[in-house]
Amino acid sequence: MDGTVMSGRNSLLCTLLLLGLQVCWAAVTVKVAVTPKVEVMEGQPIKLPCTYEAPGASMVLVEWHIENQGVRTRISFHSGGEKKVDDGTPYTSRVTMGNDNSLNIAAVTVSDERSFICLVNSGVQGVSEASTQVKVYSEPDEPAAVGSTQLLSVTSDKPEEVGTCTAKNGHPQPRIIWYKDTSPLPEVKDINEDMYMAPSVVKESSGLYTIYSRLFMKVTKADKDSEFHCVVEYMMPNSSPLQKNSPPFSLNLHYPMEVMTFSLVNKDPVKEGDDVTMKCETDGNPQPSFDFLKAVNSLDGVVSDGGSVTLPRVTRDSAGNYTCSFLDCDFSDCEEITRTLPLSVHYLDPVKIEPAGPQEAKKGDTVELQCRTKASTDYTLEWKKDSTVLFRDGALSLKSVSLADAGVYTCEGAVPSVPGLMNKATVELVVAGGPEIDAPTNGEVEKEGESVTLRCSAQGYPSPQFTWKPSGKESVNMVGNKMVSTLTLDATAAVMKDGVVCTASNKYGEDSKTFQVVLKKADSNEAAHADRGRHLSVSLLLLSSLFSGLFLVYNV
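These lines cover the structure that appears in this document, whether it is placed above or below.

The rules we used
The written sequence of each chain sets the order in which its residues are numbered from 1. With the structure being a predicted model, the display of local features is reserved for residues of pLDDT at least 70 and the display and counting of side-chain atom pairs for 80 or more, all residues being used for whole-chain, interface and lining totals. Processing note: side-chain calculations cover all non-hydrogen atoms of the structure and skip hydrogens and water entirely. Strands are runs of DSSP state E lasting at least two residues, helices are runs of H or I lasting at least four, and both sets are numbered from the N terminus onward. In this description, contact between two residues means that some pair of their heavy atoms is separated by no more than 4.5 Å. Residue exposure ignores everything except the shown protein chains as possible cover, and the areas themselves are Shrake-Rupley values with a 1.4 Å probe. Stacked, tilted and edge-to-face pairs are distinguished by plane angle, under 30 degrees for stacked and over 60 for edge-to-face with tilted covering the rest, among Phe, Tyr and Trp rings (Trp via its six-membered ring) whose centres lie within 6.5 Å. Exposure is judged per residue with a 1.4 Å probe applied to protein chains only, and the accessible area is read against the type maximum: over 50% gives exposed, under 20% gives buried, and values in between give partly exposed. We treat two strands as partners when DSSP finds at least two bridges between them. Only the stretch in contact is used when a helix axis is fitted, and all axes are lines through C-alpha atoms; the angle between N-to-C directions ranges over 0 to 180 degrees. Criterion for a disulfide: a pair of cysteine sulfur atoms within 2.5 Å. Here, nonpolar core refers to any group of buried Ala, Val, Leu, Ile, Met, Phe, Trp, Tyr and Cys residues whose side-chain atoms link them within 4.5 Å. Criterion for a salt bridge: a side-chain nitrogen of Lys or Arg within 4 Å of a carboxyl oxygen of Asp or Glu. By the criterion applied in these results, polar contacts are pairs of N or O atoms within 3.5 Å in which, for protein atoms, one can donate a hydrogen and the other can accept it, and in which residues neighboring in sequence qualify only through two side-chain atoms.

1. A few points about the overall build of the protein
Alright, step 1. Scanning the protein from terminus to terminus reveals two helices and 45 strands.
Alright, step 2. Partitioning the intrachain contacts of the protein with sequence separation of at least 6 by distance along the chain shows that 60% fall at a separation of at least 24.
Alright, step 3. As displayed, the protein offers around 32400 Å² of accessible surface, 51% of which is attributable to carbon and sulfur atoms.

So this is what it looks like as structure tokens:
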């Protein structure tokens, strides 16, 4: 059976198959129903249903056709019990026909976007047909937007290409929308405008579309802070338009300077020993090459990084006026642009104590010391011993000193308005006088005859000598500003009764203290335990006496 039928929709064609006679009927009684439009994703299977009504028909022929440039080609048919796919068509190996006369395509391609015609021939009752439009969709890849790598000038008199957007593998043909920050740019194709797009489309061998869009603009200085991206807008089955965004890009613009600044990067006031960084910059782009000077002299030993210069470990001699300059040639005439930055360096001279060196005084003397320094601004002086502040000016005055006043004194100088700017000096005060023994601490033993250790601590200058009565094994060491003698001996009856005498002496006198040696007191738990033991012993003794008496009475 021939698979090609010439189209003639305005004539009536009736075929009488049983008797071989041709009869023209004035009306067709066959009705065919299909789904007018079917939407499907590329690669998915599809089923195109076809139903009909032909009352009284004894034989019906159902055919599926495609049409190309007015010529129809049958691709499958169903007649009686026979179902067949036609040979030699684009669908020979791709379609099947169901018992319900539906046409099944296993994996849809873009080339399947066309009309499929279901034709029903019921012989004497007539011929009728209906077509299904298949719509094929493919989701495009995420768009890629690439910004220009060129330095774009805001003074250009014509639009320059600022970016290109590409979106691949879409169907039906998607479209590209350009965005500046969060606002879409109007679609303009007129190259005479200050901003326009140049779109192009490539239909790949797969039937999918790759679309391009080049964005041209007259850039302005405000565009330096903007981000650009593109959006591909596309359709999917039974949905509103969808969108995919490209990553953003920014532009590298060339624009002339309007403002130049020369500033100090350090946040705190500068002090001697600091590393100081000064930064020179303009609001133009690109940044020029800067020259740095102090007064009219070039800077030696500095670290320069583009528009920044660092002075390592500055001194008070580093203070002064610094200049930053460059040659501005953005316009026809070159002009030297200069900015000046005054640098102040705070300092605090080393603290000096007068009279210098270790100071020696006798008990009862008055000691007076003075500490001095100089600074770039207001400063403070504090006298301290250990962490205790004694005086808040440069003078230290101690009346009637005692041995306890001996030790190290510190004078600290600071500049409150400059964090971290401080210096200090120390002096040792030695107080000469006879020894003074600290209050004695009794020794304790468990029982008479045990070994006991006693410690005698004394202040005095010169360092005192120690004697013990009675004597024992002795050692002497320095603890802080005190001498400590440690004695170990046996706690004899005489020691327990009379104690042990420690004497400390030097050329200014001596001091003696008696150390008692006593028995350790039992703690409350031990005493309670001992009382329970005594009570138990008494109870056992009474019970023993009672049993003895009962035994005697029984024997009598």
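Continuing now.
2. Focus: the packing of aromatic side chains
Alright, step 1. Enumeration according to the criterion identifies seven aromatic pairs in this entry.
Alright, step 2. When the centroid spacing of 5.9 Å and the interplanar angle of 45° are considered together, the rings of Phe262 and Phe292 count as tilted. Of the two residues, Phe262 sits in strand β22 (residues 260–264) while Phe292 sits in strand β24 (residues 291–294), which places them 30 residues apart along the sequence.
Alright, step 3. With relative accessibility at 9%, the residue Phe262 sits in the buried group.
Alright, step 4. Geometrically, the ring pair formed by Phe290 and Phe326 is edge-to-face, given 5.7 Å between the ring centres and 80° between the ring planes. Highlighted residues: Phe290 in the loop between β23 (276–282) and β24 and Phe326 in strand β28 (residues 320–328), separated in sequence by 36 residues.
Alright, step 5. For Phe326, a relative accessible area of 6% translates into the label buried.
Alright, step 6. Among the aromatic residues, those joined into a cluster by ring pairs are Trp178, Phe228 and Phe249.

3. Some points on the sheet that holds strand β32 (residues 367–372)
Alright, step 1. An order of β30-β32-β35 is seen for the three strands of this open sheet, with the pairing classed as antiparallel. The strands lining the two open edges of the sheet, one partner per strand, are β30 (352–354) and β35 (395–398). Going from strand to strand, the sheet's axes swing by 20° on average, the running direction of each strand aside.
Alright, step 2. Pairing geometry for β30 and β32, over three bridges, is antiparallel. Paired with Ile353 across the bridge in β32 is Cys371.

4. Concerning the state of the cysteines
Alright, step 1. Applying the stated criterion to the full structure yields six disulfides.
Alright, step 2. Through a disulfide, Cys165 is tied to Cys230; the S-S separation comes to 2.0 Å. Here the S-S torsion is close to 70°, and the disulfide linking Cys165 with Cys230 is therefore right-handed. Taken together, the residues Cys165 in strand β14 (residues 160–170) and Cys230 in strand β19 (residues 228–234) connect sequence positions 65 residues apart.
Alright, step 3. Note on Cys165: relative accessible area 0%, which makes it buried.

5. A few points about the nonpolar core
When a protein is soluble and globular, its nonpolar side chains tend to lie buried together.
Alright, step 1. The biggest cluster of nonpolar side chains holds 28 residues, and the ones touching the most others in it are Val32, Ile46, Leu48, Trp64, Phe116 and Cys118.
Alright, step 2. Of all the secondary structure elements, the ones that give two or more residues to this core are β1 (31–34), β2 (37–41), β3 (46–48), β5 (61–68), β8 (95–97), β9 (103–105), β10 (115–121) and β11 (127–137).
Alright, step 3. With 24 residues, the next largest nonpolar core counts Leu152, Val188, Phe216 and Leu253 among its residues.

6. Brief notes about the environment of Glu227
Alright, step 1. Residue position: Glu227 is located in the loop between β18 (209–217) and β19.
Alright, step 2. Each C-alpha atom, one on Glu227 and one on Ser250, is 4.8 Å from the other, the two residues being 23 residues apart in sequence.
Alright, step 3. Once you skip the residues sitting within four places of it in the chain, Glu227 turns out to touch Tyr179, Lys180, Asp181, Pro248 and Phe249.

7. Some points on the sheet that holds β9
By definition, the strands of a sheet pair up through backbone hydrogen bonds, in either a parallel or an antiparallel sense.
Alright, step 1. Read across the open sheet, the three strands follow the order β3-β9-β8; overall the sheet is antiparallel. Every interior strand has two partners, whereas the edge strands, β3 and β8, have only one. Neighbour to neighbour, the strand axes of the sheet diverge by 20° on average, direction disregarded.
Alright, step 2. In terms of strand pairing, β8 meets β9 through three bridges, oriented antiparallel. Opposite Thr96, over in β9, you have Asn104 as the bridge partner.

8. Let's talk about the pairing of strand β34 (residues 388–391)
Alright, step 1. Bridge analysis of strand β33 (residues 380–385) against β34 gives three bridges, and the strand direction is antiparallel. Counted as the bridge partner of Lys384 is Val389 from β34.
Alright, step 2. Counting the residues that bridge the hairpin from β33 to β34 gives two residues, and of these Asp386 lies at a positive phi of roughly 60°.

9. Examining the pattern of salt bridges
Alright, step 1. A full pass over the atoms with the stated rule returns 29 salt bridges.
Alright, step 2. The residue Arg392 makes a salt bridge to Glu382 at a minimum N-O spacing of 2.4 Å. Highlighted residues: Arg392 in the loop between β34 and β35 and Glu382 in strand β33, separated in sequence by 10 residues.
Alright, step 3. For Arg392, a relative accessible area of 62% translates into the label exposed.
Alright, step 4. Salt bridges here are not isolated pairs; linked through shared partners, they connect Arg175, Glu187, Lys189 and Glu233.

10. Focus on the side chain of Thr503
Alright, step 1. The residue Thr503 is located in strand β43 (residues 500–506) in this model.
Alright, step 2. Residue Thr503 is classed as buried on the basis of its relative accessible area of 14%.
Alright, step 3. In terms of polar contacts, Thr503 uses its side chain to reach the side chain of Ser512, at 2.9 Å.
Alright, step 4. The residues contacting Thr503, other than those within four sequence positions of it, are Gln465, Phe466, Thr467, Glu510, Asp511 and Ser512.

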